Amino acid sequence: MEQHKPSGRVQKAPENFLDPAGIRTVFAEGKKGRRDFIRNAFAAAAAGAAAPVALAQGNPVPSEGGDPNILNLPEHSVGLGQGVAVEGYGKPSKYEANLQRRQSPGLTQTTQASVSFAPLQSLFGIVTPSGLHFERHHQGWWDIDPSKHRLMINGLVKTPKVFTMDEIMRLPSVSRFHFIECGANTAVDWGNVAVPTVQYTHGMISCSEFTGVPLITLLEMAGADLKKGKFILAEGADGSSMTRTIPMSLITSGEVLVAFGQNGEMLRPENGYPLRLVVPGVQGVSWVKYLRRIEVGDMPYATKDEAIHYIDLMPDGTHRQYTNIQECKSVVTTPSGGQVLLDKGFYNITGLAWSGKGKIKRVDVSVDGGRNWRTARLETPVLSKALTRFNIDWVWDGKPAIIQSRAQDDTGFVQPTYQQLRKVRGTRSIYHNNAIQSWLVQENGEVKNVQLS
Amino acid sequence: MSSFRKALLSLALLATAGVAVAQSTKFPGIGREATPKEVQAWDIDVRPDFKGLPPGSGSVAKGQDVWEAKCAHCHGVFGESNEVFSPLVGGTTAEDVKTGRVANLSRTDYPGRTTLMKVSTVSTLWDYINRAMPWTNPKTLTTEEVYAVTAFLLNLGNIVPDNYVLSDKNIAEVQARMPNRNGMTTKHAMWPGSEFGGTAKPDTANTICMKNCAPEPKLASLLPDFARNAHGNLAEQNRIVGPQRGADTTRPEGKAGAPVSAAPAAAVVAAAPAAASTGSDSKAVIALLNKHSCTACHGVDKKIVGPGFNDIAKKHAGKVDYLQDKIKNGGAGVWGPVPMPAQSLPAADAQRIAEWISKGASK
């Protein structure tokens, strides 16, 4: 397969990408930080930090007859380690410092109305560590005193109600794993390749175990009119007071939660502490953070994020409004863009699949750009509206390969190709790009984000 | 009535009361009725049918004053915005006001989409300005100011005339002139209910094929070489152990067959982004800058809406009083056309920030 060579048809200047001048600016800003980084790195090396040795060497037997890492016992094998509770709240190993949520340069100009992306390329299983959960703030984040936070229920109810956090946390709660994906995840790649790694293409998704009270419980306590009240409005307590319309049918199913717990602890402030809405299968903007009010109503609200943003432009110039469901999607996280394979030989291709309509039924993987496919193993648990991890064996022969994954959910729906998606929606709709992702593995081992035609 | 019978009766009454409570809620002792005052304080949303819209009015002229004082520094004097926020106004025509469809939306060569090109409901503008603007001081506009700013914005888009006074009485007439009022559709399968009568059928229908499926793939798009390092060194964004490393994007790509270029593992460790050398005083001031939303418009070492603090420090080194006055009273013209509004932070904080800038605005 020789198609990896850039041809005359390759688009060289992506419409969504920074131009050279923009990149120079980003560099100038980054320079100082990088100098600090190099200084720190040398300091660490000089201090004799036990760092792993060089790469891409395989694991040969050295001439002295054995690996010095085996023959010379390291400090940790011959000394006394540290005591308990050195860290009252434990942190990841210092060797994991490369795993950070990151901004995409040039995407937004302020940090308060912005996004940071989760490092999917380095995560395992289906749970996103809370500190690496992607962020999307519209008007900055807050750390709110939970003893002063209130939730109000009003509108088409018998009795408008106010709850304290104490009261909400006294009620019977449930704990469920769900993914949350920004409707604009993968948006920059609608027209063409614009970013290098899976962190920036797909990193506006995370999956957590959420603990909370089904919203229907609170609505029933207020005597909500579940017949006339076809919709609710959810509203946040922060400056943006984010508002979103949610159909009552989703709430009466018991799926929508008023959540305070995330992965065994309270929500992180960046994720809405102390209270957020959990709307499984629906784009992240509906999962209102710092939730302060639920209004029951008989018509949709056409809020700012339903009438100006989070509307999908179609080729005929109309906008699709109230596009909420995150349809079936998947991505290979290893190998993925920006990575370098160490050598030829065996690899475990691994990735994530999800659907806002239910469970993942099947994931197929191709290493030849979609010509031939094999069915991957789905790892347990396979849960509704949660991330599902898939794995498949692969022996890399050192030749160029184009890796793709294609998911199917339990409604039978199959994740579309870029060509299929663009045929209906064009390239300007920004939201809900669930196309099959392609990663080109080059002969030099470097992996690139590419799109095919 | 004997005291015995009295006691029995009150017991019976108690029991009845108990049943009544049990019927009204499964969860006694949890939640209470919201007072009308509380509901009024928080129930601020305005629906497309204008339910929730408080009575009142505001003129285009008044709106222009409010705009220039509180909005223009982010959104531009004419709503054209600067490089920070998306433009609000532009791209709509008198014909669009007639048809309710913005013609430019169907052009692929049109450079952008402004708010007035997209929004179909005037209630959305009123509601959002009222709840979330100005960006750094949301919910501080009076009802009259919200009407006035909305009127001014609509006037910039030629939807209402210069002498217009927008009110709860005439806002429905404005709705009938919104340029994109007929531009929305709910005919899709992405709403999780049947309330809009959309469709249950998804708009793509890929099928499962396993052998000899697609035509031979051709690369259609990849990142240009000049962008190789635009997202920072990818070697520092991947784990230092495992089946792969991140590519060292500070160096040109290795040739096929050549050994891969990846950063030495030792250099990849300790990439914690926070600068360890930061003085505690600078840290405290930077926390203040965040607290008072200064960083919404000023970067410590980069221009956003206003100049970077490093540039201000160069220009006004040592001028504590001058800087303090600018923070307190705002200014315009020193750094370009975008005015800085007066800030309401405590004087002591303003002084600390001014001192920090005057000494070089170090991180």
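Cut-off values and rules
All residue numbers here refer to positions counted from 1 along the written sequence of the relevant chain. Lettering of chains starts at A and numbering of ligands starts at 1, both following the order in which they are written. Side-chain atom pairs in this predicted model are given and counted only at pLDDT of 80 or more, local residue features only at pLDDT of at least 70, and totals for whole chains, interfaces and linings cover all residues. Helical segments are the DSSP runs of H or I of at least four residues, strand segments are the runs of E of at least two, and each set is numbered from the N terminus. Any residue with 12 or fewer other C-beta atoms within 10 Å of its own C-beta is exposed, any with 20 or more is buried, and the rest are partly exposed; the C-beta atoms used are placed from the backbone. A pair of residues counts as a contact when their C-beta atoms, built from backbone coordinates, are separated by no more than 7 Å. Strand pairing is assigned whenever DSSP detects at least two bridges linking the two strands. Orientation is described by lines fitted to C-alpha atoms, with helices fitted over the stretch in contact, and by angles between N-to-C directions that extend from 0 to 180 degrees. Put simply, angles under 35 degrees are roughly parallel, angles over 145 are roughly antiparallel, angles from 65 to 115 are roughly perpendicular, and the rest are oblique. Crossings are classed by handedness, with left-handed meaning an anticlockwise turn of the near helix from the far one by less than a right angle and right-handed meaning a clockwise turn. The domain limits used here are those given by an automatic or database domain assignment. Polarity classes work like this: nonpolar for Ala, Val, Leu, Ile, Met, Phe, Trp, Tyr, Cys and Pro, charged for Asp, Glu, Lys and Arg, and polar for all others, with Gly in that last group. In plain words, the nonpolar core is the set of buried Ala, Val, Leu, Ile, Met, Phe, Trp, Tyr and Cys residues that C-beta atoms within 7 Å link up.

**What about the overall build of chain B?**
And then number 1: Broken down by element type, chain B carries 13 helices and 6 strands.
And then number 2: Buried positions account for 37% of the 363 residues belonging to chain B.
And then number 3: A fraction of 57% describes how many contacts in chain B between residues 6 or more apart in sequence connect residues 24 or more apart.

**Some points on the pairing of strand β15 (residues 329-334) of chain A**
Residues and elements named next belong to chain A.
And then number 1: For β15, the buried fraction is high: 6 of the 6 residues fall into the buried class.
And then number 2: For β15 and strand β17 (residues 345-354), the ladder comprises 5 bridges, and the chain directions are antiparallel. For Val332, the partnering residue across the bridge sits in β17 and is Gly351.

**Things to note about the packing of helix α12 (residues 320-329) of chain B against helix α13 (residues 347-358) of chain B**
Residues and elements named next belong to chain B.
And then number 1: One can describe the packing of α12 onto α13 by two numbers: an axis separation of 8 Å at closest approach and a directional angle of 130°. Judged by the inter-axis angle, α12 sits oblique to α13. The element α12 and its partner α13 pack so that their crossing is right-handed. On the side of α12, the interface is formed by Val320, Leu323, Gln324, Ile327 and Lys328, while α13 contributes Ala350, Gln351, Ile353, Ala354, Glu355, Ile357 and Ser358.

**Some thoughts on the sheet that holds strand β14 (residues 319-320) of chain A**
And then number 1: Spatially, β13(A)-β14(A)-β4(B) is the arrangement adopted by the 3 strands of the open sheet, whose pairing is mixed. Edge strands, defined here as strands with exactly one partner in the open sheet, are β13 (312-313) of chain A together with β4 (184-185) of chain B.

**A short note on the domain arrangement of chain B**
All names here are of chain B.
And then number 1: Structurally, chain B comprises domain 1 (57-175) and domain 2 (280-332 + 342-358).
And then number 2: Computed over C-alpha atoms only, the centres of domain 1 and domain 2 are separated by 31 Å.
And then number 3: Partitioned by chemical class, the residues of the side of domain 1 that touches domain 2 number 3 nonpolar, 3 polar and no charged.

**Concerning the sheet that holds strand β7 (residues 231-236) of chain A**
And then number 1: Reading across from one edge, β8(A)-β7(A)-β12(A)-β3(A)-β4(A)-β1(B) is the order of the 6 strands in this open sheet, with mixed pairing throughout. The open sheet has two edge strands, β8 (243-247) of chain A together with β1 (32-33) of chain B, and neither has a second partner.
And then number 2: In this sheet, strand β12 (residues 291-297) of chain A lies alongside strand β3 (residues 150-155) of chain A in parallel orientation, the contact comprising 4 bridges. In the strand pairing of β12(A), A:Ile153 is matched with A:Ile294.

**A look at helix α6 (residues 122-132) of chain B**
And then number 1: Of all the 11 residues making up α6(B), 10 are buried; the element is thus mostly covered by neighbouring parts of the structure.
And then number 2: Of the surrounding elements, those touching the buried residues of α6(B) are α8 (304-307) of chain A together with α7 (143-156) and α8 (171-175) of chain B.

**Quick notes on the nonpolar core**
And then number 1: If you look at the biggest cluster of nonpolar residues, it comprises 176 residues, and the most contacted ones within it are A:Leu218, A:Ile232, A:Val256, A:Val258, A:Leu277, B:Val149 and B:Ile357.
And then number 2: For this core, the element with the highest residue contribution is α7(B), accounting for 9 residues.
And then number 3: If we ignore the near neighbours within four places in the chain, the residues touching A:Leu277 are A:Ala234, A:Val256, A:Val258, A:Trp287, A:Val288 and A:Leu291.

**Let's talk about the environment of B:Thr185**
And then number 1: The topology assignment puts B:Thr185 in strand β4.
And then number 2: Contact partners of B:Thr185, with chain neighbours within four places excluded, come to A:Thr318, A:Arg320 and A:Gln321.

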